Amino acid sequence: MRRRAAEFRRPVRKRIHNWIWVLLGLFFFIGFLLFLVQHNHDQHHVPQPTLEKDDVVNPVHSRLNITEELVSPGSIARQLADQMTLAKAYVVIAKEQNNLQLAWELSSRIRSCQLLLSKAAMREEPISLAEAESTLKSLSLLIFKAQDAHYDIATTIMTMKSHIQALEERAHAATVQSTVFGQLASEALPKSLHCLHVKLTSDWLGQPKLQKLAEENKNSLRLMDNNLYHFCIFSDNLIGVSVVVNSTVLNADHPKQLVFHIVTNNVTYGAMETWFLTNDFKGATIEVQSIEELTWLNATYSPVARQLLDPDSRAYYFSGSQDFGSEIKFRNPKYLSLLNHLRFYVPDIYPELEKVVFLDDDVVVQKDLIPLFALELHGNVNGAVETCLEAFHRFYKYLNFSNPIISSKFDPQACGWAFGMNIFDLVSWRKENVTGRYHYWMEQNADRTLWKLDSAAVIHYNGNMKPWLKLAIARYKPLWDRYVDQSNTHLQQCLTN
(Lines give C-alpha, C1' and ligand atoms only; values in the text may rest on other atoms or scores of the structure.)
Protein backbone atom coordinates (compact mmCIF):
# COMPACT_ATOMS: atom_id res chain seq x y z
CA MET A 1 0.00 0.00 0.00
CA ARG A 2 1.25 3.44 -0.92
CA ARG A 3 2.29 5.82 1.89
CA ARG A 4 0.70 9.23 2.17
CA ALA A 5 2.66 12.33 1.59
CA ALA A 6 4.19 13.96 4.63
CA GLU A 7 1.96 16.98 4.56
CA PHE A 8 -1.10 14.76 4.64
CA ARG A 9 0.03 12.70 7.72
CA ARG A 10 -1.61 13.20 11.26
CA PRO A 11 0.67 15.17 13.65
CA VAL A 12 -0.11 12.90 16.71
CA ARG A 13 3.43 12.37 18.04
CA LYS A 14 4.23 16.08 17.87
CA ARG A 15 1.13 17.03 19.96
CA ILE A 16 1.97 14.47 22.65
CA HIS A 17 5.52 15.71 22.85
CA ASN A 18 4.33 19.30 23.44
CA TRP A 19 1.95 18.26 26.26
CA ILE A 20 4.77 16.45 28.09
CA TRP A 21 6.82 19.63 28.15
CA VAL A 22 3.88 21.66 29.40
CA LEU A 23 3.24 19.20 32.25
CA LEU A 24 6.89 19.10 33.25
CA GLY A 25 7.02 22.86 33.37
CA LEU A 26 3.89 22.99 35.51
CA PHE A 27 5.29 20.43 37.99
CA PHE A 28 8.53 22.37 38.20
CA PHE A 29 6.67 25.58 38.97
CA ILE A 30 4.49 23.93 41.68
CA GLY A 31 7.56 22.30 43.26
CA PHE A 32 9.35 25.66 43.36
CA LEU A 33 6.37 27.24 45.14
CA LEU A 34 6.26 24.41 47.68
CA PHE A 35 9.98 24.84 48.33
CA LEU A 36 9.54 28.53 49.05
CA VAL A 37 6.59 27.89 51.38
CA GLN A 38 8.42 25.14 53.27
CA HIS A 39 11.57 27.20 53.60
CA ASN A 40 9.63 30.13 55.02
CA HIS A 41 7.82 27.79 57.47
CA ASP A 42 11.09 26.27 58.76
CA GLN A 43 12.46 29.69 59.63
CA HIS A 44 9.58 30.31 62.06
CA HIS A 45 9.13 26.73 63.24
CA VAL A 46 10.22 25.77 66.78
CA PRO A 47 11.16 22.10 66.83
CA GLN A 48 9.02 20.03 69.18
CA PRO A 49 10.42 17.07 71.14
CA THR A 50 9.53 13.70 69.73
CA LEU A 51 7.55 11.25 71.78
CA GLU A 52 8.73 7.77 72.41
CA LYS A 53 6.34 4.90 72.03
CA ASP A 54 5.48 4.68 75.72
CA ASP A 55 5.39 8.44 76.40
CA VAL A 56 2.07 9.75 77.70
CA VAL A 57 0.90 13.22 76.87
CA ASN A 58 -0.69 14.86 79.89
CA PRO A 59 -2.53 18.12 79.34
CA VAL A 60 -1.35 20.91 81.63
CA HIS A 61 -3.95 23.12 83.19
CA SER A 62 -3.22 26.31 85.08
CA ARG A 63 -5.04 25.77 88.35
CA LEU A 64 -5.86 28.35 90.96
CA ASN A 65 -4.09 28.05 94.29
CA ILE A 66 -6.62 29.66 96.62
CA THR A 67 -4.07 29.96 99.41
CA GLU A 68 -1.70 31.93 97.20
CA GLU A 69 -4.60 34.08 96.07
CA LEU A 70 -5.54 34.90 99.66
CA VAL A 71 -2.01 36.08 100.51
CA SER A 72 -1.38 37.92 97.24
CA PRO A 73 -1.63 41.69 97.96
CA GLY A 74 -3.23 42.57 94.62
CA SER A 75 -5.76 39.77 94.33
CA ILE A 76 -9.52 40.22 94.65
CA ALA A 77 -9.60 37.19 96.98
CA ARG A 78 -7.23 38.99 99.38
CA GLN A 79 -9.47 42.09 99.38
CA LEU A 80 -12.51 39.96 100.14
CA ALA A 81 -10.70 38.16 102.97
CA ASP A 82 -9.53 41.43 104.55
CA GLN A 83 -13.01 42.94 104.34
CA MET A 84 -14.50 39.80 105.88
CA THR A 85 -12.07 39.89 108.83
CA LEU A 86 -12.93 43.50 109.59
CA ALA A 87 -16.63 42.85 109.11
CA LYS A 88 -16.54 39.91 111.57
CA ALA A 89 -15.05 42.19 114.20
CA TYR A 90 -17.83 44.70 113.68
CA VAL A 91 -20.44 41.93 113.89
CA VAL A 92 -19.21 41.10 117.40
CA ILE A 93 -19.21 44.76 118.44
CA ALA A 94 -22.64 45.40 116.90
CA LYS A 95 -24.13 42.48 118.82
CA GLU A 96 -22.58 43.74 122.06
CA GLN A 97 -24.14 47.17 121.36
CA ASN A 98 -27.48 45.46 120.60
CA ASN A 99 -27.44 46.75 117.01
CA LEU A 100 -28.83 43.50 115.63
CA GLN A 101 -29.86 44.97 112.25
CA LEU A 102 -26.28 46.02 111.43
CA ALA A 103 -24.96 42.69 112.68
CA TRP A 104 -27.40 40.84 110.42
CA GLU A 105 -26.48 42.94 107.35
CA LEU A 106 -22.76 42.43 107.96
CA SER A 107 -23.25 38.68 108.41
CA SER A 108 -25.20 38.53 105.14
CA ARG A 109 -22.40 40.24 103.21
CA ILE A 110 -19.81 38.01 104.87
CA ARG A 111 -21.71 34.97 103.60
CA SER A 112 -21.67 36.49 100.08
CA CYS A 113 -17.88 36.85 100.29
CA GLN A 114 -17.51 33.27 101.49
CA LEU A 115 -19.68 32.08 98.59
CA LEU A 116 -17.49 33.89 96.05
CA LEU A 117 -14.32 32.39 97.53
CA SER A 118 -15.88 28.94 97.57
CA LYS A 119 -16.90 29.17 93.91
CA ALA A 120 -13.44 30.35 92.90
CA ALA A 121 -11.84 27.42 94.71
CA MET A 122 -14.21 24.93 93.08
CA ARG A 123 -13.81 26.19 89.52
CA GLU A 124 -10.07 26.81 90.05
CA GLU A 125 -10.16 30.26 88.53
CA PRO A 126 -9.40 33.66 90.09
CA ILE A 127 -12.24 35.95 91.14
CA SER A 128 -12.77 38.74 88.64
CA LEU A 129 -13.39 42.34 89.67
CA ALA A 130 -16.71 42.35 87.81
CA GLU A 131 -18.24 39.53 89.88
CA ALA A 132 -16.85 40.81 93.21
CA GLU A 133 -17.38 44.56 92.73
CA SER A 134 -20.94 44.74 94.05
CA THR A 135 -20.14 42.62 97.11
CA LEU A 136 -17.02 44.65 97.93
CA LYS A 137 -18.88 47.96 97.58
CA SER A 138 -21.84 46.90 99.74
CA LEU A 139 -19.55 45.48 102.42
CA SER A 140 -17.39 48.62 102.40
CA LEU A 141 -20.50 50.78 102.88
CA LEU A 142 -21.56 48.66 105.87
CA ILE A 143 -18.08 48.94 107.40
CA PHE A 144 -18.21 52.75 107.02
CA LYS A 145 -21.65 52.63 108.60
CA ALA A 146 -20.22 50.69 111.54
CA GLN A 147 -17.39 53.20 111.92
CA ASP A 148 -19.91 56.07 111.88
CA ALA A 149 -21.67 54.31 114.73
CA HIS A 150 -18.53 55.05 116.80
CA TYR A 151 -17.07 51.57 116.46
CA ASP A 152 -13.61 53.02 115.98
CA ILE A 153 -10.39 51.06 115.52
CA ALA A 154 -9.39 51.33 119.19
CA THR A 155 -12.71 49.83 120.26
CA THR A 156 -12.33 47.12 117.65
CA ILE A 157 -8.82 46.21 118.83
CA MET A 158 -9.84 46.04 122.49
CA THR A 159 -12.88 43.93 121.66
CA MET A 160 -10.86 41.52 119.55
CA LYS A 161 -8.21 41.19 122.27
CA SER A 162 -10.83 40.27 124.83
CA HIS A 163 -12.36 37.71 122.49
CA ILE A 164 -8.96 36.22 121.65
CA GLN A 165 -8.23 35.88 125.35
CA ALA A 166 -11.61 34.20 125.89
CA LEU A 167 -10.93 31.79 123.04
CA GLU A 168 -7.49 30.95 124.44
CA GLU A 169 -9.04 30.21 127.84
CA ARG A 170 -11.67 27.98 126.22
CA ALA A 171 -8.99 26.14 124.24
CA HIS A 172 -6.94 25.62 127.40
CA ALA A 173 -10.00 24.36 129.27
CA ALA A 174 -10.75 21.93 126.44
CA THR A 175 -7.17 20.66 126.50
CA VAL A 176 -7.29 20.12 130.26
CA GLN A 177 -10.65 18.39 129.97
CA SER A 178 -9.30 16.11 127.26
CA THR A 179 -6.34 15.24 129.50
CA VAL A 180 -8.63 14.49 132.41
CA PHE A 181 -10.82 12.22 130.28
CA GLY A 182 -7.75 10.42 128.98
CA GLN A 183 -6.51 9.93 132.53
CA LEU A 184 -9.88 8.55 133.63
CA ALA A 185 -9.95 6.16 130.69
CA SER A 186 -6.45 4.88 131.47
CA GLU A 187 -7.33 4.28 135.14
CA ALA A 188 -10.48 2.29 134.35
CA LEU A 189 -10.33 -1.51 134.18
CA PRO A 190 -12.03 -2.86 131.04
CA LYS A 191 -15.08 -5.02 131.72
CA SER A 192 -13.51 -8.12 130.16
CA LEU A 193 -10.44 -7.89 132.41
CA HIS A 194 -12.61 -7.35 135.49
CA CYS A 195 -14.55 -10.47 134.47
CA LEU A 196 -11.28 -12.41 134.19
CA HIS A 197 -10.24 -11.33 137.70
CA VAL A 198 -13.58 -12.45 139.12
CA LYS A 199 -13.44 -15.89 137.47
CA LEU A 200 -9.84 -16.55 138.50
CA THR A 201 -10.50 -15.40 142.08
CA SER A 202 -13.50 -17.74 142.19
CA ASP A 203 -11.26 -20.62 141.10
CA TRP A 204 -8.69 -19.67 143.74
CA LEU A 205 -11.25 -19.67 146.52
CA GLY A 206 -12.99 -22.83 145.29
CA GLN A 207 -9.89 -24.98 144.75
CA PRO A 208 -7.83 -25.52 147.94
CA LYS A 209 -5.28 -27.54 145.95
CA LEU A 210 -4.21 -24.34 144.18
CA GLN A 211 -3.58 -22.64 147.51
CA LYS A 212 -1.59 -25.67 148.71
CA LEU A 213 0.51 -25.68 145.53
CA ALA A 214 1.21 -21.96 145.92
CA GLU A 215 2.48 -22.51 149.49
CA GLU A 216 4.77 -25.30 148.30
CA ASN A 217 6.25 -23.11 145.58
CA LYS A 218 7.21 -20.44 148.12
CA ASN A 219 9.79 -22.86 149.56
CA SER A 220 11.54 -23.49 146.23
CA LEU A 221 15.33 -23.08 146.43
CA ARG A 222 15.30 -21.69 142.90
CA LEU A 223 13.89 -18.42 144.26
CA MET A 224 17.24 -17.65 145.93
CA ASP A 225 19.64 -19.27 143.43
CA ASN A 226 22.00 -16.60 142.02
CA ASN A 227 23.03 -18.97 139.24
CA LEU A 228 19.60 -18.40 137.70
CA TYR A 229 18.25 -15.23 136.06
CA HIS A 230 15.83 -13.26 138.22
CA PHE A 231 13.16 -10.79 137.05
CA CYS A 232 10.84 -8.76 139.28
CA ILE A 233 7.48 -7.22 138.39
CA PHE A 234 5.33 -5.19 140.81
CA SER A 235 1.76 -4.72 139.60
CA ASP A 236 -1.92 -5.46 140.12
CA ASN A 237 -2.49 -5.68 136.36
CA LEU A 238 -2.97 -9.38 135.71
CA ILE A 239 -3.07 -9.34 131.92
CA GLY A 240 -0.18 -6.86 131.72
CA VAL A 241 2.06 -9.02 133.95
CA SER A 242 1.05 -12.12 131.97
CA VAL A 243 2.21 -10.54 128.71
CA VAL A 244 5.53 -9.45 130.27
CA VAL A 245 6.23 -12.99 131.55
CA ASN A 246 5.00 -14.71 128.40
CA SER A 247 6.99 -12.52 126.00
CA THR A 248 10.16 -12.93 128.11
CA VAL A 249 9.79 -16.72 128.25
CA LEU A 250 8.95 -17.20 124.57
CA ASN A 251 12.00 -15.17 123.46
CA ALA A 252 14.45 -16.83 125.88
CA ASP A 253 16.88 -19.49 124.67
CA HIS A 254 16.76 -21.23 128.06
CA PRO A 255 13.39 -20.43 129.70
CA LYS A 256 13.88 -22.98 132.51
CA GLN A 257 16.67 -20.78 133.88
CA LEU A 258 14.30 -17.82 134.37
CA VAL A 259 12.77 -16.90 137.74
CA PHE A 260 10.01 -14.29 137.97
CA HIS A 261 9.22 -12.55 141.26
CA ILE A 262 5.76 -10.90 141.15
CA VAL A 263 4.35 -8.71 143.92
CA THR A 264 0.72 -7.65 143.77
CA ASN A 265 -1.99 -6.55 146.22
CA ASN A 266 -4.46 -8.64 148.22
CA VAL A 267 -7.32 -7.94 145.81
CA THR A 268 -5.46 -9.41 142.82
CA TYR A 269 -3.34 -12.00 144.63
CA GLY A 270 -5.71 -14.98 144.22
CA ALA A 271 -6.36 -14.29 140.53
CA MET A 272 -2.62 -13.79 139.88
CA GLU A 273 -1.69 -17.07 141.61
CA THR A 274 -4.40 -19.00 139.75
CA TRP A 275 -3.30 -17.65 136.37
CA PHE A 276 0.36 -18.55 136.77
CA LEU A 277 -0.35 -21.94 138.41
CA THR A 278 -2.75 -23.08 135.70
CA ASN A 279 -0.85 -21.90 132.59
CA ASP A 280 2.35 -23.22 131.05
CA PHE A 281 5.41 -20.95 130.95
CA LYS A 282 7.94 -23.47 129.59
CA GLY A 283 9.40 -24.46 132.94
CA ALA A 284 10.14 -20.94 134.22
CA THR A 285 9.76 -20.46 137.97
CA ILE A 286 7.14 -17.91 138.99
CA GLU A 287 6.65 -16.58 142.52
CA VAL A 288 3.64 -14.44 143.43
CA GLN A 289 3.54 -12.45 146.66
CA SER A 290 1.03 -10.07 148.20
CA ILE A 291 2.41 -6.73 149.30
CA GLU A 292 0.59 -7.23 152.60
CA GLU A 293 3.08 -10.04 153.33
CA LEU A 294 5.85 -7.42 153.51
CA THR A 295 5.02 -6.47 157.10
CA TRP A 296 8.32 -4.63 157.54
CA LEU A 297 7.24 -2.08 154.90
CA ASN A 298 5.31 0.17 157.29
CA ALA A 299 5.13 3.81 158.33
CA THR A 300 7.82 3.27 160.96
CA TYR A 301 10.43 2.15 158.42
CA SER A 302 9.32 3.91 155.25
CA PRO A 303 8.59 7.63 154.93
CA VAL A 304 6.77 6.73 151.71
CA ALA A 305 4.30 4.54 153.60
CA ARG A 306 3.91 7.33 156.13
CA GLN A 307 3.20 9.96 153.48
CA LEU A 308 0.73 7.73 151.68
CA LEU A 309 -1.39 7.62 154.85
CA ASP A 310 -1.29 11.40 155.22
CA PRO A 311 -4.75 13.02 154.72
CA ASP A 312 -3.30 15.89 152.67
CA SER A 313 -1.61 13.47 150.28
CA ARG A 314 -4.79 11.48 149.83
CA ALA A 315 -6.78 14.68 149.25
CA TYR A 316 -4.22 15.76 146.65
CA TYR A 317 -4.84 12.63 144.56
CA PHE A 318 -8.52 11.90 145.28
CA SER A 319 -10.22 15.24 145.97
CA GLY A 320 -10.84 15.94 142.27
CA SER A 321 -9.37 19.42 142.74
CA GLN A 322 -9.35 21.57 139.63
CA ASP A 323 -5.99 23.09 140.51
CA PHE A 324 -4.23 22.53 137.22
CA GLY A 325 -0.98 24.17 138.25
CA SER A 326 0.57 20.70 138.14
CA GLU A 327 0.17 18.23 135.32
CA ILE A 328 -2.89 15.99 135.52
CA LYS A 329 -0.87 12.82 134.99
CA PHE A 330 1.05 13.48 138.20
CA ARG A 331 -2.19 13.50 140.22
CA ASN A 332 -2.85 9.87 139.35
CA PRO A 333 -4.04 7.93 142.45
CA LYS A 334 -1.71 5.07 141.47
CA TYR A 335 1.04 7.05 143.19
CA LEU A 336 -0.72 6.31 146.49
CA SER A 337 -0.12 2.60 145.95
CA LEU A 338 2.97 1.12 147.57
CA LEU A 339 3.30 -1.10 144.50
CA ASN A 340 4.43 1.98 142.62
CA HIS A 341 7.27 2.53 145.13
CA LEU A 342 8.41 -1.08 145.62
CA ARG A 343 11.15 -0.74 143.00
CA PHE A 344 13.14 1.23 145.61
CA TYR A 345 12.95 -1.69 148.05
CA VAL A 346 14.13 -4.55 145.80
CA PRO A 347 17.19 -5.41 147.99
CA ASP A 348 14.93 -5.54 151.07
CA ILE A 349 12.36 -7.79 149.38
CA TYR A 350 15.01 -10.19 148.00
CA PRO A 351 17.95 -10.04 150.45
CA GLU A 352 19.65 -13.16 149.00
CA LEU A 353 19.76 -11.96 145.38
CA GLU A 354 22.71 -10.15 143.78
CA LYS A 355 21.35 -8.98 140.43
CA VAL A 356 17.81 -8.62 139.04
CA VAL A 357 16.11 -7.19 135.96
CA PHE A 358 13.13 -4.99 136.79
CA LEU A 359 10.31 -4.98 134.23
CA ASP A 360 7.28 -2.70 134.21
CA ASP A 361 3.84 -4.19 133.51
CA ASP A 362 3.43 -2.27 130.24
CA VAL A 363 6.41 -3.67 128.31
CA VAL A 364 6.72 -6.40 125.68
CA VAL A 365 10.00 -8.33 125.40
CA GLN A 366 11.13 -9.23 121.87
CA LYS A 367 14.62 -10.68 122.45
CA ASP A 368 16.41 -12.94 124.90
CA LEU A 369 17.21 -10.85 128.01
CA ILE A 370 19.65 -13.32 129.62
CA PRO A 371 22.68 -11.46 128.13
CA LEU A 372 21.73 -8.46 130.29
CA PHE A 373 23.00 -10.35 133.34
CA ALA A 374 26.51 -10.42 131.86
CA LEU A 375 26.50 -6.63 131.55
CA GLU A 376 29.30 -5.05 133.55
CA LEU A 377 27.95 -2.07 135.49
CA HIS A 378 31.38 -1.06 136.90
CA GLY A 379 30.06 -0.54 140.41
CA ASN A 380 26.97 1.38 139.30
CA VAL A 381 23.63 0.41 140.78
CA ASN A 382 21.31 0.85 137.81
CA GLY A 383 21.61 -0.04 134.14
CA ALA A 384 18.88 1.69 132.13
CA VAL A 385 17.88 2.45 128.56
CA GLU A 386 19.30 5.70 127.13
CA THR A 387 16.48 8.25 126.91
CA CYS A 388 18.31 11.57 126.91
CA LEU A 389 17.93 12.00 123.17
CA GLU A 390 14.60 13.54 124.19
CA ALA A 391 14.53 16.72 126.28
CA PHE A 392 11.70 15.30 128.40
CA HIS A 393 14.15 13.07 130.30
CA ARG A 394 16.46 15.84 131.49
CA PHE A 395 16.37 16.63 135.21
CA TYR A 396 15.03 20.12 134.67
CA LYS A 397 11.81 18.52 133.42
CA TYR A 398 11.31 16.65 136.69
CA LEU A 399 12.92 18.69 139.46
CA ASN A 400 12.12 22.14 140.82
CA PHE A 401 15.42 23.98 140.40
CA SER A 402 14.02 27.11 142.02
CA ASN A 403 14.42 25.22 145.29
CA PRO A 404 18.00 25.71 146.60
CA ILE A 405 18.17 22.12 147.87
CA ILE A 406 17.71 20.88 144.31
CA SER A 407 19.83 23.51 142.55
CA SER A 408 22.78 22.85 144.87
CA LYS A 409 22.74 19.07 144.38
CA PHE A 410 21.72 18.38 140.77
CA ASP A 411 22.61 19.37 137.23
CA PRO A 412 19.47 20.45 135.31
CA GLN A 413 20.87 18.90 132.09
CA ALA A 414 21.66 15.55 133.72
CA CYS A 415 19.99 12.50 132.25
CA GLY A 416 16.99 10.80 133.80
CA TRP A 417 15.89 7.30 132.87
CA ALA A 418 12.74 5.32 132.26
CA PHE A 419 11.65 2.50 134.59
CA GLY A 420 10.34 0.25 131.81
CA MET A 421 13.36 -2.06 132.04
CA ASN A 422 16.32 -1.78 134.40
CA ILE A 423 19.06 -4.09 135.59
CA PHE A 424 19.94 -3.58 139.26
CA ASP A 425 23.22 -4.60 140.89
CA LEU A 426 21.86 -5.28 144.38
CA VAL A 427 25.33 -5.69 145.89
CA SER A 428 26.25 -2.13 144.86
CA TRP A 429 22.76 -0.96 145.87
CA ARG A 430 23.26 -2.16 149.45
CA LYS A 431 26.79 -0.77 149.53
CA GLU A 432 25.64 2.69 148.38
CA ASN A 433 22.53 2.57 150.61
CA VAL A 434 20.31 3.72 147.74
CA THR A 435 17.11 2.98 149.68
CA GLY A 436 18.33 5.20 152.53
CA ARG A 437 19.01 8.03 150.08
CA TYR A 438 15.55 7.56 148.63
CA HIS A 439 14.08 7.90 152.12
CA TYR A 440 16.06 11.12 152.65
CA TRP A 441 14.71 12.77 149.49
CA MET A 442 11.16 11.61 150.15
CA GLU A 443 11.30 13.24 153.59
CA GLN A 444 12.65 16.44 152.02
CA ASN A 445 9.75 16.39 149.57
CA ALA A 446 7.00 15.91 152.16
CA ASP A 447 5.36 19.12 150.91
CA ARG A 448 5.75 18.04 147.25
CA THR A 449 7.86 21.07 146.27
CA LEU A 450 11.14 19.45 145.18
CA TRP A 451 9.96 18.01 141.91
CA LYS A 452 7.44 19.12 139.42
CA LEU A 453 4.57 16.99 140.24
CA ASP A 454 5.30 15.74 141.94
CA SER A 455 14.43 -2.70 116.78
CA ALA A 456 14.35 -2.74 120.28
CA ALA A 457 14.67 -5.63 122.71
CA VAL A 458 11.87 -4.26 124.89
CA ILE A 459 8.86 -2.13 123.91
CA HIS A 460 7.66 0.15 126.72
CA TYR A 461 4.06 1.37 126.43
CA ASN A 462 4.58 4.53 128.44
CA GLY A 463 1.72 6.99 128.97
CA ASN A 464 -2.05 6.48 129.19
CA MET A 465 -2.70 4.61 125.94
CA LYS A 466 -2.01 1.16 127.35
CA PRO A 467 -2.32 -1.80 124.97
CA TRP A 468 -5.05 -3.51 127.02
CA LEU A 469 -7.35 -0.48 126.71
CA LYS A 470 -9.64 0.47 123.83
CA LEU A 471 -7.76 3.76 123.43
CA ALA A 472 -4.52 1.86 122.69
CA ILE A 473 -2.47 2.90 119.67
CA ALA A 474 -3.60 0.47 116.96
CA ARG A 475 -0.21 0.40 115.25
CA TYR A 476 1.57 -1.07 118.29
CA LYS A 477 -1.22 -3.10 119.92
CA PRO A 478 -0.56 -6.29 117.85
CA LEU A 479 2.96 -6.50 119.32
CA TRP A 480 1.32 -6.84 122.75
CA ASP A 481 -1.64 -8.98 121.65
CA ARG A 482 0.58 -11.78 120.34
CA TYR A 483 1.67 -12.62 123.90
CA VAL A 484 -1.83 -12.72 125.42
CA ASP A 485 -2.82 -16.34 126.04
CA GLN A 486 -5.97 -16.35 123.93
CA SER A 487 -6.45 -20.09 124.56
CA ASN A 488 -7.35 -19.53 128.23
CA THR A 489 -10.99 -20.54 128.74
CA HIS A 490 -11.80 -17.79 131.23
CA LEU A 491 -10.28 -15.13 128.99
CA GLN A 492 -12.25 -16.36 125.97
CA GLN A 493 -15.52 -16.25 127.93
CA CYS A 494 -14.83 -12.78 129.30
CA LEU A 495 -13.88 -11.35 125.90
CA THR A 496 -17.01 -12.72 124.24
CA ASN A 497 -19.40 -11.83 127.06
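Residues numbered from 1 in each chain as written. Predicted model: local features only at pLDDT ≥ 70, side-chain atom pairs only at ≥ 80, totals over all residues. Heavy atoms only, no water.

Draft legend 1. Broad picture of the packing of aromatic side chains. Considering all chains together, one arrives at 15 aromatic pairs under this definition. Summarising the aromatic geometry, the rings of W296 and Y301 are spaced 6.0 Å apart at their centres and angled 75° between planes, so their arrangement reads as edge-to-face. Look at F358 and F424: their rings are 6.3 Å apart centre to centre, the planes differ by 35°, and that puts the pair in the tilted class. In this pair, F358 is assigned in strand β4 (residues 355-359) and F424 in strand β7 (residues 421-425), connecting sequence segments 66 residues apart. (Phe/Tyr/Trp six-rings, centres within 6.5 Å; stacked < 30°, edge-to-face > 60°. Helix = DSSP H or I, 4+ residues; strand = E, 2+ residues; numbered from the N terminus.)

Draft legend 2. View of the pairing of strand β2 (residues 258-264). For β2, a buried count of seven out of seven residues is recorded, marking the element as mostly surrounded by other parts of the structure. A two-sided burial pattern is seen for β2, the buried positions comprising L258, F260, I262 and T264 on one face and V259, H261 and V263 on the other. When strand β1 (residues 229-234) meets β2, the two strands line up parallel, connected through six bridges. Residue Y229 lies in a different strand from β2, and its bridge partner there is L258. In this region the chain leaves β1, passes through helix α9 (residues 238-250) and returns to the parallel neighbour β2; the handedness of that crossover is right-handed. As for the winding sense of the linkage, the β-α-β connection from β2 through helix α10 (residues 266-278) to strand β3 (residues 285-290) is right-handed. (Buried < 20%, exposed > 50% of the residue type's maximum accessible area, 1.4 Å probe, protein only. Pairing = 2+ DSSP bridges. Right-handed = clockwise from strand over helix to strand, strands pointing away.)

Draft legend 3. Broad picture of the side chain of S247. On the secondary structure map, S247 appears in helix α9. For S247, the contacting residues outside a window of four places in its chain are V364, V365 and Y483. (Contact = heavy atoms within 4.5 Å.)

Draft legend 4. Structural view of the packing of helix α7 (residues 191-206) against α10. Axis separation between α7 and α10 bottoms out at 8 Å; the angle between their running directions is 80°. With respect to α10, the element α7 is oriented roughly perpendicular. Contact residues: L196, H197, L200, T201, D203 and W204 in α7; T268, Y269, G270, A271, E273, T274, W275 and L277 in α10. Broken down by class, the residue content of the contact of α7 with α10 amounts to seven nonpolar, five polar and two charged. (Axes fitted to C-alpha atoms, helices over the stretch in contact; angles between N-to-C directions. Parallel < 35°, antiparallel > 145°, perpendicular 65-115°, else oblique. Nonpolar A, V, L, I, M, F, W, Y, C, P; charged D, E, K, R; others polar.)

Draft legend 5. Molecular detail of the environment of Y301. Tracing the chain through its elements places Y301 in the loop between β3 and α11 (303-308). Excluding residues within four positions of it along the chain, Y301 makes contact with W296, Y345, D348, T435 and H439.

Draft legend 6. Here's a closer look at the pairing of β4. Across the five residues of β4, four count as buried, placing the element largely inside the fold. As judged from the two bridges shared by β1 and β4, these two strands associate in the parallel manner. Among the inter-strand pairings, F231 is bridged to a residue of β4, identified as V357. Relative to β7, β4 is paired through five bridges, and the arrangement is antiparallel. Of the residues in β7, the one forming a bridge with V357 is I423.

Draft legend 7. Geometry of the nonpolar core. One finds V245, F260, F276 and L359 to be the most contacted residues of the largest nonpolar core, which totals 46 residues. Counting residues per element, this core draws most heavily on α9, at seven residues. With near-sequence residues (within four places) excluded, F260 lies in contact with F231, I233, V245, T248, V249, A284, T285, I286 and E287. (Core = buried A, V, L, I, M, F, W, Y, C linked by side-chain atoms within 4.5 Å.)

Draft legend 8. Region of interest: the environment of I110. Structurally, the position occupied by I110 is in helix α4 (residues 100-123). Remark: the alpha-carbon pair of I110 and L80, spanning 30 residues in sequence, is separated by 8.9 Å. Ignoring sequence-local partners within four residues, the contact set of I110 consists of M84, A87, K88 and V91.

Draft legend 9. The sheet that holds β3, seen in detail. Strand order in the open sheet made by the six strands is β3-β2-β1-β4-β7-β6, with mixed pairing throughout. A single partner strand is all that each edge strand has here, and the edge strands are β3 and β6 (382-384). Taken over all neighbouring pairs, the strand axes of this sheet differ in orientation by 25° on average, direction set aside. Helix-sheet contacts for α9 involve β1, β2, β3 and β4, and the interaxial angle to β2 is about 175°. Along the sheet face, α10 touches β2 and β3 and points at about 165° away from the line of β3.

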